[in-house]
Amino acid sequence: MAGGGNFIHRVMSYVANELIVSGLANSPRFQRFAVRTSKKIDSLAEIAAKKKKELAEQMKDVSKNIEVVIQEPVMPVAVVAARELYSGFDLLAKWGLKFIFTEFRS
């Protein structure tokens with residue numbers, strides 16, 4: 001019984017599809033709508049292509065600027081952090097850190 005329902009559904013779908021397609025194909029309004037929509041999509045595609053090209057050129061310029069900045073000698077962040085940490089340990093040693101550690105051991 002389920003197979004018969006599926007067949008009827010397919011026939012109804014086919015008939016509805018044929019009526020809709022033939023109705024739209026013969027409709028001047030739908031044809032105008034389709035032509036206008038197609039033209040708008042084409043113009044949007046052209047605009048998108050231009051913007052994509054502009055963006056690619058801007059990214060090329062940015063990458064050139066980044067290369068110039070990278071080529072300049074810059075101290076790595078790890079070196080700066082290590083120097084700050086070392087100077088902090090040096091200050092703690094001057095303030096008696098050694099005394100505090102010996103106090104906890106005894």
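Heads up: the structure comes first, above all this text.
Because the structure is a prediction, the values reported are computed rather than measured.

With that out of the way, let us pick up the packing of aromatic side chains. Tallied over the full model, the rule gives one aromatic pair. Summarising the aromatic geometry, the rings of phenylalanine 30 and phenylalanine 33 are spaced 6.2 Å apart at their centres and angled 40° between planes, so their arrangement reads as tilted. With phenylalanine 30 and phenylalanine 33 both in helix H2 (residues 28-71), this residue pair falls three residues apart, about one helical turn. Its relative accessible area of 33% is what places phenylalanine 30 among the partly exposed residues. Judged by relative accessible area, which is 45%, phenylalanine 33 ranks as partly exposed.

A separate point is a nonpolar patch on the surface. A grouping of Phe7, Ile8, Val11, Met12, Tyr14, Val15 and Leu19 is seen on the molecular surface, where their side chains present a nonpolar patch of about 760 Å² in accessible area. The residue phenylalanine 7 is located in helix H1 (residues 2-25) in this model.

The rules we used
- Residues numbered from 1 in each chain as written.
- Predicted model: local features only at pLDDT ≥ 70, side-chain atom pairs only at ≥ 80, totals over all residues.
- Heavy atoms only, no water.
- Phe/Tyr/Trp six-rings, centres within 6.5 Å; stacked < 30°, edge-to-face > 60°.
- Helix = DSSP H or I, 4+ residues; strand = E, 2+ residues; numbered from the N terminus.
- Buried < 20%, exposed > 50% of the residue type's maximum accessible area, 1.4 Å probe, protein only.
- Patch = residues over 30% accessible without salt bridge, like charges linked within 9 Å, V, L, I, M, F, W, Y side chains within 5 Å.
- Areas by Shrake-Rupley, 256 points an atom, 1.4 Å probe, with all protein chains shown as cover.
- Salt bridge = Lys/Arg side-chain N within 4 Å of Asp/Glu carboxyl O.

Shape is all these values report; function is a separate question.
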